[in-house]
Amino acid sequence: MALYVNDQAIDISQLPADTSLLQLLRQQQLTGTKEGCASGDCGACTVMVIDGCHKTPNVKAINSCICPVSSLQNQQVVTVEGLSQGPASELHPTQQAMVECHGSQCGFCTPGFVMSIAALKAKRPDLASAPLEQQRQAVLDAISGNLCRCTGYRPIVAAGCQSLEKPAQPFNFVHGNDSSAPCSSTTSVQKADQTYLQPNSEVALQQAMTNYPSARLIAGGTDLMLEVTQQFQPIEQLIDISQVAELTQTTFGDDTILIGAAVTYTELEQQFAELAPEFVALLHRLGSRQIRNRGTLGGNICNASPIADTPPVLLALNAQLHLVNAAGQRRQLPLSEFYLGYKQTAMAADEYLAAIEVRRAALNQPIRLYKVSKRYEDDISAVMAAFSLTPEGQLTIAFGGMAATPIRAVITEKSLQLGADGQFDPSMVTAATVTLANEFSPLSDVRASADYRTQVAANLLKKACLELCQPALAIGVFAHA
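Residues numbered from 1 in each chain as written. Predicted model: local features only at pLDDT ≥ 70, side-chain atom pairs only at ≥ 80, totals over all residues. Heavy atoms only, no water.

As annotated in an unreviewed UniProt entry, the protein chain carries the name Xanthine dehydrogenase small subunit and is attributed to Neiella holothuriorum.

Asks: Would you mind showing me how to read the environment of Ala 464 here?
Replies: Position of Ala 464 relative to the elements: it lies in helix H16 (residues 450-469). On the accessibility criterion, Ala 464 (0% relative accessible area) is buried. For the pair Ala 464 and Ile 367, spaced 97 residues apart in sequence, the C-alpha separation works out to 8.5 Å. (Helix = DSSP H or I, 4+ residues; strand = E, 2+ residues; numbered from the N terminus. Buried < 20%, exposed > 50% of the residue type's maximum accessible area, 1.4 Å probe, protein only.)

Asks: Just checking my understanding: could you explain helix H4 (residues 132-142) for this structure?
Replies: It helps to recall that an α-helix has 3.6 residues per turn; residues three or four apart then point in one direction. Turning to H4, its buried residues number three or more, namely Gln 135, Ala 138, Val 139 and Ala 142. End-on view of H4: buried residues confined to an arc of 100°, all on one side of the axis. Lining the buried residues of H4 we find helix H3 (110-123), helix H5 (154-164) and helix H10 (289-294). (Arc of directions from axis to C-beta. Contact = heavy atoms within 4.5 Å.)

Asks: What am I meant to see in the pattern of salt bridges here?
Replies: When the charged atoms of two side chains with opposite charge come close together, those side chains can pair. As enumerated under the stated definition, the model contains 16 salt bridges in all. Asp 141 serves as the salt-bridge partner of Arg 292, at 2.9 Å between the closest nitrogen and oxygen. In this pair, Arg 292 sits in helix H10 while Asp 141 sits in helix H4, placing the two residues 151 residues apart along the sequence. Judged by its relative accessible area of 0%, Arg 292 is buried. In this structure, Asp 379 engages Arg 375 in a salt bridge whose closest nitrogen and oxygen atoms are separated by 3.8 Å. A residue is classified by how much of its surface remains accessible, and Arg 375, at 46% relative accessible area, is partly exposed. (Salt bridge = Lys/Arg side-chain N within 4 Å of Asp/Glu carboxyl O.)

Asks: I tried to follow the nonpolar core on my own but got confused; where do I start?
Replies: For soluble globular proteins, nonpolar side chains are generally found buried alongside one another. Membership of the largest hydrophobic core comes to 38 residues, with the highest contact counts inside it found for Leu 268, Ile 301 and Ile 356. With five residues, the top contributor of residues to this core is helix H9 (residues 277-286). Once residues lying within four places of it in the same chain are set aside, the contact partners of Leu 268 are Ile 259, Val 263, Ala 273, Phe 279, Val 280, Leu 283 and Leu 297. Residues Met 48, Cys 109, Phe 113 and Cys 148 belong to the second largest nonpolar core, which totals 30 residues. (Core = buried A, V, L, I, M, F, W, Y, C linked by side-chain atoms within 4.5 Å.)

Asks: I tried to follow the side chain of Asn 6 on my own but got confused; where do I start?
Replies: Structurally, Asn 6 can be placed in the loop between strand E1 (2-5) and strand E2 (8-11). There is a polar contact of 2.9 Å between the side chain of Asn 6 and the side chain of Thr 79. (Polar contact = N/O pair within 3.5 Å; in protein donor to acceptor, adjacent residues only side chain to side chain.)

Asks: Hey, could you run me through the sheet that holds E2 in this one?
Replies: Paired through their backbone hydrogen bonds, the strands of a sheet run either parallel or antiparallel. Taken in spatial order, the five strands line up as E2-E1-E5-E3-E4 in an open sheet, and their pairing is mixed. Across the chains shown, the open sheet's two edge strands, defined by having one partner strand only, are E2 and strand E4 (58-63). Here the average twist between neighbouring strands, direction ignored, is 30°. Judged from the four bridges that link them, E1 and E2 form a sheet pairing that is antiparallel. Bridge pairing in E2 links Leu 3 to Ile 10. (Pairing = 2+ DSSP bridges. Axes fitted to C-alpha atoms, helices over the stretch in contact; angles between N-to-C directions.)

Asks: Hey, could you run me through the packing of aromatic side chains in this one?
Replies: A complete count under the given rule lists six aromatic pairs for this structure. Their ring planes at 45° and their centres at 5.8 Å tell us that Phe 252 and Phe 272 sit as a pair that is tilted. A residue pair is termed long-range when its members are at least 10 positions apart, and Phe 252 in strand E10 (residues 250-252) and Phe 272 in the loop between helix H8 (265-271) and H9 qualify at 20 residues. Taking the centre distance of 5.9 Å and the plane angle of 90° together, the rings of Phe 387 and Phe 399 count as edge-to-face. Taken together, the residues Phe 387 in strand E18 (residues 383-389) and Phe 399 in strand E19 (residues 395-400) connect sequence positions 12 residues apart. Judged on exposure class, the residue Phe 387 and its partner Phe 399 are both buried. Feature note: the residues Tyr 370, Phe 387, Phe 399 and Phe 440 constitute an aromatic cluster, connected by ring pairs. Positioned above the aromatic ring of Tyr 376, the side-chain terminus of Arg 285 is 4.3 Å from the ring centre. (Phe/Tyr/Trp six-rings, centres within 6.5 Å; stacked < 30°, edge-to-face > 60°. Lys NZ or Arg CZ within 6 Å of the ring centre and 35° of its normal.)

Asks: Can you help me understand the packing of helix H2 (residues 93-100) against H5 in this one?
Replies: When two helices pack together, their arrangement is captured by the angle between the axes and the distance separating the axes. Running from N to C, H2 and H5 cross one another at 140°; their axes reach a closest spacing of 8 Å. Taken as axis vectors, H2 and H5 run oblique relative to one another. Crossing of H2 over H5 shows right-handed handedness. Each of Pro 93, Thr 94, Ala 97, Met 98 and Glu 100 in H2 lies in contact with H5, whose residues at this interface are Ile 156, Ala 159, Gln 162 and Ser 163. Looking at the contact of H2 with H5 residue by residue, the class counts come to five nonpolar, three polar and one charged. (Parallel < 35°, antiparallel > 145°, perpendicular 65-115°, else oblique. Left-handed = near helix turned anticlockwise from the far one by under 90°. Nonpolar A, V, L, I, M, F, W, Y, C, P; charged D, E, K, R; others polar.)

Given below as structure tokens:
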């Protein structure tokens, strides 16, 4: 069981289950990768990963601070020290451009920026001849999870665009085995109470859950690993579902779409670009590119956070969950019945979420999604709202941040009906905002007060009622709020 770092194999078979990639890199004296926030927010720990468990190796940037090192077995990691190429060890074009454009000051964040842009360059060679504005937007997306405290972003963005136009030696997957073969199910064990399992099928997953009933399930780890890095709580047994074939696939049927629970946000962006552009636009604000490269839809649902961004969308679409237990028994449950209370779900201890089912007809309905947060990008919602208009003129409403769970506004929904003229009556909408205020009693916290949340929810309801009836209308300074 090995990990390849800058072309060198490192045995990771005896590491504790919750060891992060950042910890390993620092222990290997690869100190260019920095620890800033230890939560995947600042990007100082960004590295490039080349995944060889596919026919075509996939290049992506990730946060090493919240990535369990065992999840990358048989994959290749490139750090800032491994970017120099050729016999003379010339600087990588991204490094050279950062020098020429004066994109660094104190330098602490610089390796993370370099790796984010280098990963973009490796993944998107087509950008070399793209128009400048297209290059700029791609660079902005790539560095959306990288924070700089002193230089400012203008020279960094300029360096990113400049580096895209310069040739660079491609990165190759160095593992000697046949990369077209599926990665096998493996186990990393340090001692009896330190276990990391990575099954590659549902059958293997179910067996792992039977053998280790106390193990925690992990996919991207973008939230679960915070227990280790922020709360300093060890997780001694982990079952990694990120390589379970059935859970990493999206099946497009004639009437329904089945999304595997381990499908990442980045994959969803690609798969739903045309089918659900509003949803994809929301994903761009869900987290940074590094987070979206590892975070999964299933994880966002099962985390059961009241301020998660995707559950309100899926609630508005009347999504169904496919749950499976360790014995292989399957059942379906409406997402609206999944959340029982704060951080509590209807999923049994021996069950896992296998897939999320969405009807194509629901995706075809007019929908408006609004995320209100203190920062526009890479921030947690104060209020997340989803509105979908059925062919019968009924409004489906779901919120995050308004209760102990993501929740449908079922009482308010009943008070709204599209008129014969294709509009919502203004007096009806005004009455509905009162109903909405009575339906929910949100909490006050560091993100927003209860009064603020109540007022924002009412305003978003009004906004949705106008925009859904007049698609060309965009109300407000920003479309998202």
